[in-house]
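The chain contents come next:
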Amino acid sequence: MGQAKLKLAIQKSGRLHDDSMRLLKECGIDVTNGVNKLKSEASNFPLEVFFLRDDDIPQYVEDAVADIGFVGENVVYEKKKKIDVTEKLGFGKCRLSIAVSKGENYTGPGFLNNKRIATSYPVLVEDFLKANNVKAEIHEISGSVEIAPGIGLAEAICDLVSSGSTLFMNGLHEVETILQSQAVLIKNQQLGEEQQAILNKLLFRIQAVKKAKNTKYVLLNAPNEKLEEIISLLPGMKSPTVLPLAEKGWSSVHSVLSESEFWDIIEKLKAAGAQGILVVPIEKMII
Ligand code: PRT
Ligand code: ZN
């Protein structure tokens, strides 16, 4: 009997492919990605990777062809398959938004009454319309949704937006966000015990990588008479490390800061007399 393996489905090519492969690599999992390969086995982790179209991933996971998948929440919630969403992965961030021509005076969802909306997300748009008591006609199209108003096919569109430049270039403006989306890990609802154990190991690594991405390691020099004040500014994982410097009256202080509090705290540290502040990335973080 062979060793149990976890089967993971990721996007074959497209916006999520590279980040999915990078995440595996950051988790210390080596997967070769041959051109036109359907699947590949990790050399140092019990994982088999299937390369598929993103739209098909929820179905494959529901059917247990794959145990887990990396896919956008937009696809997960549009497809409404029987799968569980287990972990947000922090990449592939975008939003699903309604947009209308720049000249239109949009006053709220009621504007959409009796209008035509072009989209590749009919299910999510229908949910939005129902929740807002609006009756509109949904035109499902599979690509280049943003040109629909320009060619007279629809008065509004609903599509994914990240920078907003596609909408801008097509003379459209965003009026409602109906979903914030990022890549997530989905899993089959009847995962076997062995597969669940492998998934737990993978999740442990993913969480360590995600935590590290949001955190920085900070080293600074502090005059001893200011040490107490400087230490009180640092949250740290437990308490900061303090080491004496060769120069008398000075210490080196090491600590860990989250990305969000970073700028605020750095300014306060400087004001309190800290010098030679070094901020370095953390590769993995296990707490
Ligand atoms: O072949 P396959 O079916 O696998 O790929 P696909 O063509 O369906 O999907 P792909 O590779 O375009 O996108 C995969 C996933 O990436 C999506 O399901 C989202 O979860 C995520 N994602 C993140 C995006 C975007 N950002 C995004 N900006 N998907 C699409 N876009 C498109 C959008 O549709 C629009 O055309 O980019 C354009 C808008 O971008 P901005 O920057 O101009 O606003
Ligand atoms: Zn797709």
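Here the residue index of a chain counts from 1 through its sequence in written order. Chain labels run from A onward and ligand labels from 1 onward, assigned in the order the entries are written. Reporting of local features is limited, given that this is a predicted model, to residues whose pLDDT is at least 70; pairs of side-chain atoms are given and counted only at 80 or more, and all residues count toward the totals for whole chains, interfaces and linings. With hydrogens and water set aside, each side-chain value is computed from the structure's full complement of heavy atoms.

Asks: What's the story with the sheet that holds strand E15 (residues 275–281) in this structure? I'm lost.
Replies: Strand pairing within a sheet occurs via backbone hydrogen bonds; the two strands may be parallel or antiparallel. By definition, two strands form a pair when at least two bridges between them are found by DSSP. Under the scheme used here, helices are H or I runs from DSSP no shorter than 4 residues and strands are E runs no shorter than 2 residues, and both carry numbers assigned from the N terminus. Taking strand neighbours across the sheet as the criterion, the four strands line up as E13-E14-E12-E15 in an open arrangement whose pairing is antiparallel. The open sheet terminates on both sides in strands that have one partner only, identified here as strand E13 (241–244) and E15. Ignoring strand direction, the axes of neighbouring strands in this sheet form an average angle of 20 degrees. Summarising the sheet, strand E12 (residues 215–223) and E15 pair through five bridges and their orientation is antiparallel. Looking at the pairing, Val218 lines up with Val279 of E15. Any two residues having at least one pair of non-hydrogen atoms within 4.5 Å are treated as being in contact. The axes used here are C-alpha line fits, helices contributing only the stretch in contact, and every angle between their N-to-C directions lies in the interval 0 to 180 degrees. Packed onto the sheet, helix H8 (residues 259–271) meets E12, strand E14 (250–258) and E15 and runs at close to 155 degrees relative to E14.

Asks: Teacher, can you tell me more about the site of ligand 1 here?
Replies: For this description, a residue counts as near a given molecule or strand if any of its non-hydrogen atoms is within 4 Å of it. Neighbouring ligand 1 are 22 residues, the closest being Asp55, Asn74, Ser163, Gly164 and Thr166. Pairing of N or O atoms within 3.5 Å defines a polar contact, subject to two protein rules: one partner must be a possible hydrogen donor and the other a possible acceptor, and residues neighboring in sequence count only if both atoms are side-chain atoms. Here an oxygen atom of ligand 1 and a side-chain polar atom of Asp55 are 2.8 Å apart. Asn74 places a side-chain nitrogen or oxygen 2.6 Å from an oxygen atom of ligand 1. Computed with the Shrake-Rupley method and a 1.4 Å probe, the accessible areas treat only the protein chains shown as cover for residues. Relative to its unbound accessible area of 840 Å², ligand 1 is 77% covered by the protein chains. At the level of secondary structure, the elements contributing two or more residues to the shell around ligand 1 comprise helix H3 (73–79), strand E9 (156–161) and helix H5 (165–169). Ranked by residues supplied to the shell around ligand 1, first place goes to E9 with three residues. Put simply, Ala, Val, Leu, Ile, Met, Phe, Trp, Tyr, Cys and Pro go in the nonpolar bin, Asp, Glu, Lys and Arg in the charged bin, and everything else, Gly too, in the polar bin. Its residues placed into classes, the shell around ligand 1 shows five nonpolar, 11 polar and six charged.

Asks: I would appreciate a short explanation of the coordination of the zinc ion (ligand 2) in the present structure.
Replies: Expected angles at a metal are 109.5 degrees for tetrahedral coordination by four donors and either 90 or 180 degrees for octahedral coordination by six donors. Here the term donor refers to an N, O or S atom within 2.8 Å of the metal (or 3.2 Å for Na, K and Ca), and because water is left out of the atoms, sites may appear incomplete. Coordination of the zinc ion (ligand 2) by the protein comes from Asp54 (OD) and Asp55 (OD), over a distance range of 1.9 to 2.1 Å. Geometry is assigned from the angles between donors: four donors with all angles from 85 to 135 degrees make a tetrahedral site, four or six donors whose opposite pairs exceed 155 degrees while the rest stay between 65 and 115 make square planar or octahedral sites respectively, and everything else is labelled irregular. Between the four donor atoms coordinating the zinc ion (ligand 2), the angles at the centre fall across 75 to 172 degrees, so the site counts as irregular. Take Asp54: its relative accessible area is 18%, and that puts it in the buried class. Using a 1.4 Å probe on the protein chains alone, a residue whose accessible area is under 20% of its type maximum counts as buried, one over 50% counts as exposed, and one in between counts as partly exposed.

Asks: Sorry, what's going on with helix H4 (residues 122–131) here?
Replies: Three or four residues apart is the spacing at which side chains of an α-helix point the same way, because the helix has 3.6 residues per turn. Residues of H4 that are buried: Pro122, Leu124, Val125, Phe128 and Leu129. The buried residues of H4 occupy an angular sector of 165 degrees when the element is viewed end-on, so they sit on one face. Opposite the buried face of H4, at more than 90 degrees from it, the exposed residues are Lys130 and Ala131. Elements in contact with the buried residues of H4: H3, strand E6 (94–101), strand E7 (116–119), strand E8 (137–140), E9 and strand E10 (172–181). Of the residues flanking the end of H4, it is Asn133, one or two places downstream, whose phi is positive at about 55 degrees. This arc describes the spread of directions from the helix axis toward the C-beta atoms.

Fair warning: the whole summary comes from geometry, so function is off the table for now.
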